[in-house]
Amino acid sequence: MELSSSFIHYFPNPSTSPTCNHYSFSSSFSPFPIQIHTKTPKFTNPTSPNLHIFAVAVDPQKELPKNSPQRLLRELSERKRATSPKKKVPPKRFVLRPPLDDKRLADRFLNSPQLSLKSFPLLSSCLPSSRLNNADKTWMDEYLLEAKQALGYPLEPSDNFGDDNPAKQFDTLLYLAFQHPSCDRTKARHVRSGHSRLMFLGQYVLELALAEFFLQRYPRESPGPMRERVYGLIGKKYLPKWIKAASLQNLVFPYDDMDKLKRTEREPPAKSVFWALFGAIYLCFGIPEVYRVLFEVFGMDPEDEDCQPKERRQLEDVDYVSVEFEDNKLTWQDVAAYKPPEDALFAHPRLFRACVPPGMHRFRGNIWDYESRPQVMNALGYPLPKADRIPDITKARNIELGLGLQLCFLHPSKHKFEHPRFCYERLEYVGQKIQDLVMAERLLMKHLDAPGVWLQERHRRVLMNKFCGRYLRDKYLHRYIIYSEKVQDAYEHNRRLRNPATTAVQQALHGLSYTIYGKPDVRRLMFEVFDFEQIQPKAV
C-alpha cells in the first residue's frame, strides 16, 4: 500500500502571502520502495491552527510504469522470498555426527592407550583416549622440561622406565595436567577429556592426603577445625599463590601476567591445573609423593597463619592419646615416610590410633558389645579372614575391630561433652574422604570415554548424603546407633534429624574399614555389602 500526502500552508489573508508553500510526499510500506518528493517549506508558524494535512491512498500498480526499476526490484524480492526462505544453520557443535559402526568403534577402543596397561587399570583409564599427535609433542618438547624441573623430577624422558613401572606414563599425564580448559590445546577431544579426568581424580586425592595428615598431626582436634586448615591450604582462592610459589605460572598463563588478571580469570585455570597435577602424581608415584610436592615444592606450611582455624570454645580433652602422638607433633616427612611393620594389626595402624582413642577399651563387655556387635559384624561380613603367623595377632585385631565398630555407632550426643573423642566424628572424616576417592576411581575405570564434568555429576548423585544413609538403613543397621536419652526421644519419630546421623555412621564404617583392612575393604563395603551403585538384584 502506498500513501501520498501534501501539506499546504494556507494563510487567512492571501494578500500577506503572495506564494503558497507546498510539501508533499509519497511512502510505501515494505516490501515496496519509498519515494519522497520535497519542495522546501518555510513555515512561519508551524503550530498554526490553519495548517491542514491531506492524505490520499494511491494504488501502486497504477503509479509505477511496467518497466520501472522500483517495480522490477519489488517483484524480484517477492520471488526470492517465495522460493528460497533463509535457513538458520545450527552451530557446529550441535551437529550430530553419525554413530561409528561396530568395527570402527572396536578399533578405536582397542587402539586406545586407555586399554594398554593391564596391570594398572586406574592409570590406564586416565591416559588420553587416542595417541598424542605432533601438536601435543611440540608442547611437550617446549615446556615439559620446565615443568619437571619446577616440580623436582629428573629431566630424562619417563619412557626410559620399564613397563612394570607406572612412572613410565608420567610425561603424558604431566602434559595433560597443564592443558586447562582456557588453553589452546584443549580443543582436541583427547586432551580436553584427559585433563578433566585427571582433575576429577586429583581433588579427592588432595582431600584424603590432607585429612590423613591433619588427623595424625592433631590427634585431639575435632574435624571442624581440620576442615578449615585444609581449606586454608588448598582453597580455591589460595591456589594461584601456590602455582606462583612453584614458578609454574608461565605454563598455566603463557600469554598473561597472572597478577594482573581478574580473580575470576585467574582462579579457575589455577584450580584446574593444581588438581590435575596431583591426580597425575598420585597415579604414577602414590600418596607419599603427593606430600613431598605439597609441602616441599609448593612450600605449604601447616603452621601458617592463613590456614589456622578460627577460635572457638574447645571441649576439654582429658583422655589419653596413643604414645606416638603424646607431645609429638608429626611433620609431613613422618607421615609420608611411615611404613607399617610386617606384623602390624592394621593396614594403617597410626591412622587407626589417631581416630580410635585408647580409652575405648573401657567399653569392652558392655551391653552393645554383647547384643549389637555380633549382628553388625555379621551384616558387614566381619571379621575378614587373615593369614597371620601368630594367632594372637588375629585375636587382637578382632578385639580392636569390635571397639572401632562401637565407636562408629557412638553418636556425639552420648559422651562428646565429657570425652570429645568418644564419638564417630574423626572416623567419619577420614571415611568421607576415602569414600569419595574410591567412588572416583570406580567411575574412572568404568566409564573410559566420559569427560570429568559428567563423572563429577555422577559422583555427586551416587554419594549424595541422603542416599548414603539410606544404604545403612536398608541393612537395618541404624537401629544400633547409640544416642543419649534426650536425643533418642527427639530422633525416634523425626527422620529429618535421624538421617544425617545414619549418613555419618555409614561414612565412619568406611573410615574404620580403611584404617584396619585398607582400600580393598572399602570397595567391598561400598559395592558388595551396601551396593552403592544399585546394580545387584534385590531380594523379593
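See above for the structure.
Residues numbered from 1 in each chain as written. Predicted model: local features only at pLDDT ≥ 70, side-chain atom pairs only at ≥ 80, totals over all residues. Heavy atoms only, no water.

**Looking at the packing of aromatic side chains**
Part 1 of the reasoning: Evaluation of the coordinates by the stated rule reveals 22 aromatic pairs.
Part 2 of the reasoning: Ring plane angle 15° and centroid distance 6.1 Å describe the contact between Phe 295 and Trp 332, whose orientation is recorded as stacked. One end of the pair, Phe 295, is in helix H12 (residues 287-297); the other, Trp 332, is in helix H13 (residues 332-337), with 37 residues separating them in the sequence.
Part 3 of the reasoning: Note on Trp 332: relative accessible area 16%, which makes it buried.
Part 4 of the reasoning: Within the aromatic cluster, the residues linked to one another by ring pairs are Phe 213, Phe 214, Tyr 218, Tyr 291, Phe 295 and Trp 332.
Part 5 of the reasoning: Positioned above the aromatic ring of Trp 242, the side-chain terminus of Lys 241 is 4.5 Å from the ring centre.
Part 6 of the reasoning: Here the basic side chain of Arg 350 rests over the ring of Tyr 338, its NZ or CZ set 4.1 Å away from the ring centre. (Phe/Tyr/Trp six-rings, centres within 6.5 Å; stacked < 30°, edge-to-face > 60°. Helix = DSSP H or I, 4+ residues; strand = E, 2+ residues; numbered from the N terminus. Buried < 20%, exposed > 50% of the residue type's maximum accessible area, 1.4 Å probe, protein only. Lys NZ or Arg CZ within 6 Å of the ring centre and 35° of its normal.)

**Here's the deal with the pattern of salt bridges**
Part 1 of the reasoning: Using the criterion set out here, one finds 31 salt bridges in the structure.
Part 2 of the reasoning: Here Glu 303 and Lys 329 are joined by a salt bridge, their closest N and O atoms 3.6 Å apart. Of this pair, Glu 303 sits in the loop between H12 and H13 while Lys 329 is found in the loop between H12 and H13, placing the two residues 26 residues apart along the sequence.
Part 3 of the reasoning: With relative accessibility at 37%, the residue Glu 303 sits in the partly exposed group.
Part 4 of the reasoning: On the accessibility criterion, Lys 329 (46% relative accessible area) is partly exposed.
Part 5 of the reasoning: Two residues, Asp 317 and Arg 421, come together in a salt bridge whose shortest N-O distance is 2.6 Å. Note that Asp 317 is positioned in the loop between H12 and H13 and Arg 421 in the loop between helix H18 (412-415) and helix H19 (425-446), a separation of 104 residues in sequence.
Part 6 of the reasoning: What you see here is one network of salt bridges that share partners, running through Arg 220, Asp 317, Glu 326 and Arg 421. (Salt bridge = Lys/Arg side-chain N within 4 Å of Asp/Glu carboxyl O.)

Everything listed here is a matter of geometry and, on its own, says nothing about what the molecule does.
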